Amino acid sequence: GQYETVLNVSGEKDLFQGIKSCFNSQFSERVQEYARRNKIPGDALSLSVLIQKQIQPDASGVLFTVNPVTGSDQEMVVEAVKGLGEPLVAGKVQPHRYLINAFSERVIKTAFSADRIELFTRPDVDVAFKNVQRTGTLLDDQILWDLVRMAMRIQTLYGCPMDIEWAVADRRIHILQARPITAMGYQGINGEWTTADFRDGGVSSEVVTPFMWSLYERVFESAMHTYL
């Protein structure tokens, strides 16, 4: 996530300028500082530029297959914004948020942010905006549950909690990126012996059942001595 992404490219001149911007981003102060903090040698930095057709989505956002705040594997978090998702991943806008129980296919909680509406645009004047509070959902039920089911298949494919970027255009879902969740917290389980204490990536982060513990105990006794 350190390198540049260039959007809304049109024409050959813009295309080659966008390629240069992507390549040059590996020398940016942000990338150099990231490499320094993570002890990555400068000659190890490299990138390839991916060029692909850009859709104009009605809505886009991110989906976490495990709640990254609580660590609950029964909760998915869906965040959505109108149009392109770049302002969301850059932290510039507040998304519409859906907390989902993916197993029972039930919406636990929703939070709708204000929509940012452009008032006017003139070449000699900065663009002006106003926030209009949304009263309805950005994603209808069919799109929301299609997205949740698709995310479940992606998590099953990779075998770990996933951070997924998506977009919807003309009621078709496009998966833009899927990667493991890089950071996860655990809440509401202090003092309870759970699989979350093993930092296993959030899979089965509820209180351990006797049967589940028997499996962990067997694994520990048979494998951990050798490993340690």
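Here's a quick rundown of the structure. (Residues numbered from 1 in each chain as written. Predicted model: local features only at pLDDT ≥ 70, side-chain atom pairs only at ≥ 80, totals over all residues. Heavy atoms only, no water.)

1. Remarks on the overall build of the chain
Inference 1: Within the chain, the regular secondary structure consists of five helices and eight strands.
Inference 2: The long-range fraction of contacts in the chain, counting pairs at least 24 apart against all pairs at least 6 apart in sequence, stands at 47%. (Helix = DSSP H or I, 4+ residues; strand = E, 2+ residues; numbered from the N terminus. Contact = heavy atoms within 4.5 Å.)

2. Some words on the layout of surface pockets
Inference 1: By volume, the largest pocket is sized at about 1,700 Å³.
Inference 2: In terms of lining, the largest pocket is formed by 45 residues, of which the most central are T5, V6, L7, E86 and E165.
Inference 3: Among the elements of the structure, helix 1 (12–24), strand 1 (59–64), helix 3 (86–89), strand 7 (162–169) and strand 8 (172–180) are those that each provide at least two residues to the lining of the largest pocket.
Inference 4: The dominant element in the lining of the largest pocket, judged by the number of residues it contributes, is strand 8, at five residues.
Inference 5: Each residue belonging to the lining of the largest pocket can be placed in one class, and the counts come to 23 nonpolar, 14 polar and eight charged. (1 Å grid on protein atoms, 1.4 Å probe; cavity = no way out; pocket = protein on both sides within 12 Å on 5 of 7 lines; lining within 4 Å. Points joined across faces, edges and corners; volume = space filled by probe spheres on them. Nonpolar A, V, L, I, M, F, W, Y, C, P; charged D, E, K, R; others polar.)

3. Some words on a nonpolar patch on the surface
Inference 1: Together, M224, Y227 and L228 line one region of the surface with nonpolar side chains, adding up to about 410 Å² of accessible area.
Inference 2: Along the chain, the position of M224 falls in helix 5 (residues 210–227).
Inference 3: You can call M224 partly exposed: its relative accessible area is 31%. (Patch = residues over 30% accessible without salt bridge, like charges linked within 9 Å, V, L, I, M, F, W, Y side chains within 5 Å. Areas by Shrake-Rupley, 256 points an atom, 1.4 Å probe, with all protein chains shown as cover. Salt bridge = Lys/Arg side-chain N within 4 Å of Asp/Glu carboxyl O. Buried < 20%, exposed > 50% of the residue type's maximum accessible area, 1.4 Å probe, protein only.)

4. Description of the sheet that holds strand 4 (residues 106–111)
Inference 1: The six strands are arranged 4-3-2-1-7-8 in an open sheet whose pairing can be described as antiparallel. At either margin of the open sheet sits one strand with a lone partner, and together these are strand 4 and strand 8. Across the sheet, the mean angle separating the axes of adjacent strands is 20° when strand polarity is ignored.
Inference 2: Examined bridge by bridge, strand 1 and strand 7 share six bridges and lie antiparallel to one another. Its bridge partner lying in strand 7, S60 is registered against A167. (Pairing = 2+ DSSP bridges. Axes fitted to C-alpha atoms, helices over the stretch in contact; angles between N-to-C directions.)

5. Observations regarding the pairing of strand 1
Inference 1: With six of six residues buried, strand 1 is to be regarded as a mostly interior element.
Inference 2: Here strand 1 pairs with strand 2 (residues 75–82) via six bridges, running antiparallel. Paired with L63 across the two strands is V78, which belongs to strand 2.

6. Some thoughts on empty space enclosed by the protein
Inference 1: Across all of its chains, the model carries one cavity of 30 Å³ or more by this definition.
Inference 2: If you trace the largest cavity, you find it lined by L63, L147, M150, A151, I154, I164, W166 and I175.
Inference 3: At the level of elements, helix 4 (141–158) and strand 7 are the ones that each hand at least two residues to the lining of the largest cavity.
Inference 4: Classifying every residue of the lining of the largest cavity by side-chain character gives eight nonpolar, no polar and no charged.

7. Structural notes on the nonpolar core
Inference 1: L63, M76, V78, Y98, I100, L139 and W166 are the most contacted members of the largest nonpolar core, which has 22 residues in total.
Inference 2: Counting residues per element, the ones that place at least two in this core are strand 1, strand 2, strand 3 (96–101), helix 4 and strand 7.
Inference 3: Counting eight residues, the second largest nonpolar core, distinct from the first, contains F64, V81, L88 and I181. (Core = buried A, V, L, I, M, F, W, Y, C linked by side-chain atoms within 4.5 Å.)

8. Describing the pattern of salt bridges
When the charged atoms of two side chains with opposite charge come close together, those side chains can pair.
Inference 1: In this structure the tally under the stated criterion is eight salt bridges.
Inference 2: For E105, the salt bridge identified is with R149, shortest N-O distance 2.9 Å. One end of the pair, E105, is in the loop between strand 3 and strand 4; the other, R149, is in helix 4, and 44 residues separate them in sequence.
Inference 3: Owing to a relative accessible area of 38%, R149 belongs among the partly exposed residues under this scheme.

9. A closer look at the environment of G159
Inference 1: You can see G159 is positioned in the loop between helix 4 and strand 7.
Inference 2: Judged by relative accessible area, which is 58%, G159 ranks as exposed.
Inference 3: Sequence separation between G159 and P180 is 21 residues; the distance between their C-alpha atoms is 9.3 Å.

10. Focus on the packing of aromatic side chains
Inference 1: Taken as a whole, this structure holds two aromatic pairs when the rule is applied.
Inference 2: Between W213 and F220, the ring centres sit 6.2 Å apart and the planes meet at 75°, which makes this aromatic pair edge-to-face.
Inference 3: Judged by its relative accessible area of 28%, W213 is partly exposed.
Inference 4: Classification of F220 as partly exposed rests on a relative accessible area of 25%.
Inference 5: With 6.1 Å between their ring centres and 45° between their planes, Y216 and F220 make a pair best called tilted. You can see Y216 and its partner F220 sitting in helix 5, four residues apart, about one turn around the helix. (Phe/Tyr/Trp six-rings, centres within 6.5 Å; stacked < 30°, edge-to-face > 60°.)

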